[in-house]
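Commentary on secondary and tertiary structure
These are the residues of each chain, in order.
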Number of protein chains: 2
Amino acid sequence: MKYYSYFRSSAAYRVRIALNLKGVDYEQVPVNLAKAQQQAQAYLSRNPQGLVPALELADGTVLSQSIAILEWLEDTYPTPALYPADATKRALMRSFCLNIACDVHPLNNLSVLTYLRDVLGADPQQVAAWYSHWVYRVFDAAEQQVATGTGKFCFGEAPSMADCLLIPQMYNALRFEVDVTAYPTLSAIYTHCTALPAFEAADPARQADNPDQAS
Amino acid sequence: MKYYSYFRSSAAYRVRIALNLKGVDYEQVPVNLAKAQQQAQAYLSRNPQGLVPALELADGTVLSQSIAILEWLEDTYPTPALYPADATKRALMRSFCLNIACDVHPLNNLSVLTYLRDVLGADPQQVAAWYSHWVYRVFDAAEQQVATGTGKFCFGEAPSMADCLLIPQMYNALRFEVDVTAYPTLSAIYTHCTALPAFEAADPARQADNPDQAS
C-alpha cells in the first residue's frame, strides 16, 4: 500500500499512528502541502478532493478522508482492535474522535487559516485567537470525557482510536502555542503516548519529508 | 429513545433520515439553537459539548456527534443496511460522507458564521463568499463521485448513508442561495430523494419545532 502523507498534517499523523499500532507495512509517499503538491494533477488524479492523506490499495483503489481510512484499517486489520467491541462504548469513542475530526481540525487547518489571512484580512493575533477558540471548545468537553481515566490513554488500558485522534491534535495545539494548562489529563495522555514506539515512529519530527529530518 | 434535535440543523436532519429509513421509533426533543438552548445547563448535563444532535438511549447513555450516532444506528439496526457490505466500498462511501461532515459542514455552521460576523467583522457578502467557497470545494469532488450513477441515489439503487449526508447539505446550500448549477447529478439526487417518505418526514419544514409548522 502507498500512503500519501505530509509530515505536519495532523490528519496524516492520525493514520500513521494506527498503521504502526496495527503493524501494517506501507510505503509513505510525501505530498508537500507547502508547495501545493496536493493541488497538482498527479495527485488530483488519485484524490480529486486534493487533500492529504490518501491510502492507495494494492488494486489501485484510493481511499481519502483520514476517518474513513482509520475505519477501513479497523475493518481490514482487526487486531489489535482500536475500537471497543460493545456498540455503545464504540459510539462514545467515535463521538470523542469526531469532536476532534469535525469540530476542531477542519476549522484550524492550513486552507482555512490561509483564507482568514488572505481573503478576510485577519491579522496574526486574530488568526491565533480563532485557532485557540475552536481548540478550547472541544478540549473542554474532551478533558471531561477522559478525566476519570488513568491519564495514560484516553479510554482503558491500551491505545485506541481516541488516542490516534488526540495526539496529533495536541501536537498541533502545542505547535500553535495554545495554552493547554486547563487540560491536565489530555496533557498527561500526550506525554505518555508520545513516548510509545508506534506513536514515536509516527511523529512529524521523525518523517523523511520533514526538512529538519532530511537535512 | 429521545432524540435531541433542531429542525434546521443539518447534522440533526442527517440522523432523522437514517432513523426513518430504518423505521426506528424515537421521541424528538427540540433544542432551540436560535435561543441558545444547547448552551443551557439542562442540555449541557446531557451533552457537555453543547451541540445538537444527541441521542439518549433507554439506559440514559447520551450519544453525540451525528456520524457517531449514524454508525451506532447501523451497528444496532443493521436492516436496511445503509453501508455496503464490502469493506473497500464502505470506505469509499465513508469518504464521501466525511467530505461533507468534515470539510463543509463544520466550516458553515451557525457558530462559525457568527464568529466571522461578530468577532472578525465580516460583512454579509464576505460571509456568503466563505459559505460558498467550502461548498464548492467539496461538491466539485462529490459531483465527480456520483456522476456515473443513476441520479436517483448517490451510490447504487437504494438510499444509503451517502444520501443521509448529501440531502441536508444540499438543503443548506439552497437555503444560503449557493449556485449549484455546476452539480446536476447532486441536484437530481436531491430532487429524487426529497420526494421519498423517509426523507420527506425528516425535512426541516415538517418538524414540530419549525415555527412555520407550529403556527
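Our next topic: the domain arrangement of chain A. All names here are of chain A. Assigned domains within chain A: domain 1 (2–80) and domain 2 (87–199). Using only C-alpha atoms to locate each centre, domain 1 and domain 2 end up separated by 20 Å. In this assembly, 13 residues from domain 1 lie in contact with 16 residues from domain 2. Summed over both sides, the interface between domain 1 and domain 2 buries roughly 1500 Å², with carbon and sulfur atoms accounting for 68% of that surface. The largest share of the area that domain 1 buries against domain 2 comes from Tyr13, Arg14 and Ile17, three residues that together contribute 36% of it. Between the two partners, domain 1 and domain 2, sit 1 salt bridge.

What follows concerns the relation of the copies chain B and chain A. Note: a rotation about an axis with an accompanying shift along it relates these two copies of the chain. Superposing chain B onto chain A requires a rotation of 180° together with a translation of 0.0 Å along the rotation axis, leaving an RMSD of 0.0 Å. The symmetry that links the two subunits is that of a two-fold axis. The position closest to the rotation axis in chain B is occupied by the C-alpha of cysteine 102 of chain B, lying 2.4 Å away. By residue overlap, the copies meet face to face through one surface: 100% of the interface positions of chain B are interface positions in chain A.

On to the pattern of salt bridges, then. A complete count under the given rule lists 16 salt bridges over all chains for this structure. Residue arginine 94 of chain A pairs with glutamate 71 of chain A through a salt bridge whose shortest N-O separation is 2.9 Å. Of this pair, arginine 94 of chain A sits in helix α4 (residues 87–103) while glutamate 71 of chain A is found in helix α3 (residues 66–76), placing the two residues 23 residues apart along the sequence. Taken individually, arginine 94 of chain A and glutamate 71 of chain A each receive the classification buried, so the pair is uniform in this respect. One salt bridge connects aspartate 75 of chain A with arginine 94 of chain B, and the closest N-O pair in it is separated by 3.6 Å. Of this pair, aspartate 75 of chain A sits in helix α3 while arginine 94 of chain B sits in helix α4 (residues 87–103), each in a different chain.

In this section: the interface of chain B and chain A. Contact with chain B, which involves 44 residues of that partner, is made by 44 residues of chain A. Together chain B and chain A conceal approximately 3800 Å² of surface at their shared face, both sides included; 65% is due to carbon and sulfur atoms. In this assembly, chain B and chain A are joined by 6 salt bridges. With a shortest N-O distance of 2.8 Å, aspartate 75 of chain B and arginine 90 of chain A are connected by a salt bridge. If you look at where chain B meets chain A, you find 14 residue pairs in polar contact (both at pLDDT 80 or more).

Residue and element names in this part refer to chain B. Pairing is mixed in the open sheet, where 4 strands are placed in the order β2-β1-β3-β4. Each end of this open sheet is capped by a strand with a single partner; those strands are β2 (27–30) and β4 (62–64). The sheet shows a mean angle of 25° between the axes of neighbouring strands, direction not considered. With 3 bridges connecting them, strand β3 (residues 54–56) and β4 associate as antiparallel partners. Of the residues in β4, the one forming a bridge with glutamate 56 is valine 62. Contacting β1 (2–5) and β2, helix α1 (residues 10–21) runs over the sheet at an angle of about 150° to β1. Of the strands in this sheet, β3 and β4 are in contact with helix α3 (residues 66–76), which crosses β4 at around 120°.

Take unusual backbone geometry next. Here the residue pair valine 52 of chain B and proline 53 of chain B is connected by a cis peptide bond, since its omega of 5° sits within 30 degrees of zero. Along the chain, the position of proline 53 of chain B falls in the loop between α2 (41–44) and β3. With a phi close to 70°, glutamine 65 of chain A is a non-glycine residue in the positive phi region. In this fold, glutamine 65 of chain A is placed in the loop between β4 (62–64) and α3. Judged by relative accessible area, which is 9%, glutamine 65 of chain A ranks as buried.

All names here are of chain A. Taken N-terminus to C-terminus, the directions of helix α1 (residues 10–21) and α3 make an angle of 10°; their axes are 9 Å apart at the nearest point. Taken as axis vectors, α1 and α3 run roughly parallel relative to one another. In this structure, α1 contributes Ala11, Arg14, Val15, Ala18 and Leu19 to the contact, and α3 contributes Ser66, Ile67, Ile69, Leu70 and Leu73. Each residue belonging to the contact of α1 with α3 can be placed in one class, and the counts come to 8 nonpolar, 1 polar and 1 charged.

Moving on, we come to the packing of aromatic side chains. In the structure shown here, the tally under the stated rule is 25 aromatic pairs over all chains. Note on tyrosine 3 of chain A and tyrosine 26 of chain A: the rings are 6.0 Å apart at their centroids and 85° apart in plane angle, and the pair reads as edge-to-face. Note that tyrosine 3 of chain A is positioned in strand β1 (residues 2–5) and tyrosine 26 of chain A in the loop between α1 and β2 (27–30), a separation of 23 residues in sequence. On the basis of relative accessibility, which here comes to 0%, the residue tyrosine 3 of chain A falls in the buried class. With centroids separated by 5.5 Å and ring planes inclined at 85°, the aromatic side chains of phenylalanine 139 of chain A and tyrosine 183 of chain A adopt a geometry described as edge-to-face. Taken together, the residues span a long stretch of sequence, with phenylalanine 139 of chain A in helix α7 (residues 124–146) and tyrosine 183 of chain A in the loop between α8 (161–175) and α9 (184–194) at a distance of 44 residues. Both residues of the pair, phenylalanine 139 of chain A and tyrosine 183 of chain A, count as buried. Three or more aromatic residues joined by ring pairs make a cluster, and in this case those are Tyr115, Trp130 and Trp134 of chain A together with Tyr115, Trp130 and Trp134 of chain B. Its guanidinium or amino end placed over the ring of tyrosine 83 of chain A, arginine 94 of chain A lies 4.6 Å from that ring's centre, counting from NZ or CZ.

Definitions and cut-offs
- Residues numbered from 1 in each chain as written.
- Chains lettered and ligands numbered in written order.
- Predicted model: local features only at pLDDT ≥ 70, side-chain atom pairs only at ≥ 80, totals over all residues.
- Heavy atoms only, no water.
- Domains from an automatic or database assignment.
- Contact = heavy atoms within 4.5 Å.
- Buried area = accessible area lost by both parts, 1.4 Å probe.
- Salt bridge = Lys/Arg side-chain N within 4 Å of Asp/Glu carboxyl O.
- Least-squares fit on C-alpha atoms with pLDDT ≥ 70 in both.
- Helix = DSSP H or I, 4+ residues; strand = E, 2+ residues; numbered from the N terminus.
- Buried < 20%, exposed > 50% of the residue type's maximum accessible area, 1.4 Å probe, protein only.
- Polar contact = N/O pair within 3.5 Å; in protein donor to acceptor, adjacent residues only side chain to side chain.
- Pairing = 2+ DSSP bridges.
- Axes fitted to C-alpha atoms, helices over the stretch in contact; angles between N-to-C directions.
- Parallel < 35°, antiparallel > 145°, perpendicular 65-115°, else oblique.
- Nonpolar A, V, L, I, M, F, W, Y, C, P; charged D, E, K, R; others polar.
- Phe/Tyr/Trp six-rings, centres within 6.5 Å; stacked < 30°, edge-to-face > 60°.
- Lys NZ or Arg CZ within 6 Å of the ring centre and 35° of its normal.

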